[in-house]
Amino acid sequence: MSKIQLKNVFKKYANSEGYSVKDFNLDIEEKEFIVLVGPSGCGKSTTLRMIAGLEEISEGDFIIEGQRVNDKEPKDRDIAMVFQNYALYPHMSVFENMSFGLKIRKLPKKEIKEKVEHAAEILGLKDLLNRKPKELSGGQRQRVALGRAIVRNASIFLMDEPLSNLDAKLRVQMRAEISKLHRQLGTTVIYVTHDQTEAMTMATRIVIMKDGVIQQIGTPSEVYHLPANTFVASFIGSPGMNLIEGIRNEKGYFEMAEQAQYRLSSEQNEAIAQNENKPFLLGVRPENISVVSEPTSIQGVVDLVEVNGPDMLLHVIVNNQTILVKSKTDEKVKVDQSVFLEVDDTTVHLFDKETGQRL
Ligand SMILES: Nc1ncnc2c1ncn2[C@@H]1O[C@H](COP(=O)(O)OP(=O)(O)OP(=O)(O)O)[C@@H](O)[C@H]1O
Ligand SMILES: [Mg+2]
């Protein structure tokens, strides 16, 4: 079991101008399930590959149990990695695929058999050990790839988008299986994805990155309820948070337009007063706004209705801005209809419009 620390880690590829990862700092406790999430190119794989030892760390320290291990070979790191394209050997059986790494390490045959059978048991692959990869479903192949990592008994698991080749249904299923596996094995997992739902459902803590820079580290609940900036606010959630432009009027209301005003709390008024003259954004999640029958101080027009089974997502135009509203499906709400919106006061956020930081 290991405590892992990344201290002021930078990565600059030899052939590129800027840094791909900038001043990355993270302490990982034993048995955590850390998810690195962010848009394409933000530096997730680079970070993971530096941890694995597949990529050199340009600056900073990578520490396991108090020891700086920047220069340790990948094979000496007690780390197992599962890649996006899990690349099974097509001519080998499931058993051979899973045992390959152990064979190379010259483990005794009996021990190899025990380890593979144990992993196959955990992964539900026992009856498939003699099959070839082409005789397996996508999810089963994915499990073989996980099996290859499990048999190594590593204390740290690295996974880079391991589910991205699977269809939506299998992804949900494998997501649950990986979470269970994590609990069962009691290992530390560092998992990379660009899918915020995966991050929110699997992680004990999420690291949100953009342009090589960590934007926020927190539990799923923290990053959802207290996003540090507008990037995190709009990245987390499906869809992300509404970021609404307006001004604070003399009555202490947030005003998008005359017929679209929201009463700010005294705390919010104070936060804005401290940032006098700075344009700001009001952040509120689609699930914290509802359409109500009684008139309210926010009026808009329904532009689009997206029904998804029990839930619907409304696009409501309020003074040229589109506000997303997520609620239970209501057949009565129609396009072009004028509606009144109500905001759940406890869930409103304020952000500095220029820096994007939470006020
Ligand atoms: N071998 C390399 N040489 C030069 N630049 C690289 C190399 N690998 C990655 N980069 C650059 O580093 C940045 C981060 O890339 P990285 O692969 O870590 O992103 P990512 O977050 O994993 O993205 P994705 O979600 O698309 O996999 C990108 O700008 C990328 O172009
Ligand atoms: Mg990547």
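Parameters at a glance
- Residues numbered from 1 in each chain as written.
- Chains lettered and ligands numbered in written order.
- Predicted model: local features only at pLDDT ≥ 70, side-chain atom pairs only at ≥ 80, totals over all residues.
- Heavy atoms only, no water.
- Domains from an automatic or database assignment.
- Contact = heavy atoms within 4.5 Å.
- Buried area = accessible area lost by both parts, 1.4 Å probe.
- Pairing = 2+ DSSP bridges.
- Helix = DSSP H or I, 4+ residues; strand = E, 2+ residues; numbered from the N terminus.
- Axes fitted to C-alpha atoms, helices over the stretch in contact; angles between N-to-C directions.
- Near = heavy atom within 4 Å.
- Polar contact = N/O pair within 3.5 Å; in protein donor to acceptor, adjacent residues only side chain to side chain.
- Areas by Shrake-Rupley, 256 points an atom, 1.4 Å probe, with all protein chains shown as cover.

(A) Looking closely at the domain arrangement of the protein. With domains assigned, the protein is organised as domain 1 (4–235) and domain 2 (243–352). On a C-alpha basis, the centres of domain 1 and domain 2 stand 39 Å from each other. Taken together, the contacts link 8 residues of domain 1 with 6 residues of domain 2. On the domain 1 side of the contact with domain 2, Y224, T230 and A233 bury the most area, a combined 69% of that side's loss.

(B) Summary view of the sheet that holds strand 1 (residues 4–11). Spatially, 2-1-4-5 is the arrangement adopted by the 4 strands of the open sheet, whose pairing is antiparallel. What marks the edges here is a single partner per strand, and that holds for strand 2 (21–28) and strand 5 (67–68). Here 5 bridges tie strand 1 to strand 4 (residues 59–64), and the two strands are oriented antiparallel to one another. Following the sheet pairing, F10 is matched in strand 4 by E59. Packed on one face of the sheet, helix 1 (residues 44–52) meets strand 1, strand 2 and strand 4 and runs near 120 degrees to strand 1.

(C) Focus on the site of ligand 1. Taken together, the neighbourhood of ligand 1 is formed by Y13, N15, S20, P39, S40, G41, C42, G43, K44, S45, T46 and E161. Within the side chain of Y13, one N or O atom sits 3.4 Å away from a nitrogen atom of ligand 1. Here an oxygen atom of ligand 1 sits 3.2 Å away from a polar atom, N or O, in the main chain of C42. Here ligand 1, which alone exposes 640 Å², has 60% of that area covered by the protein.

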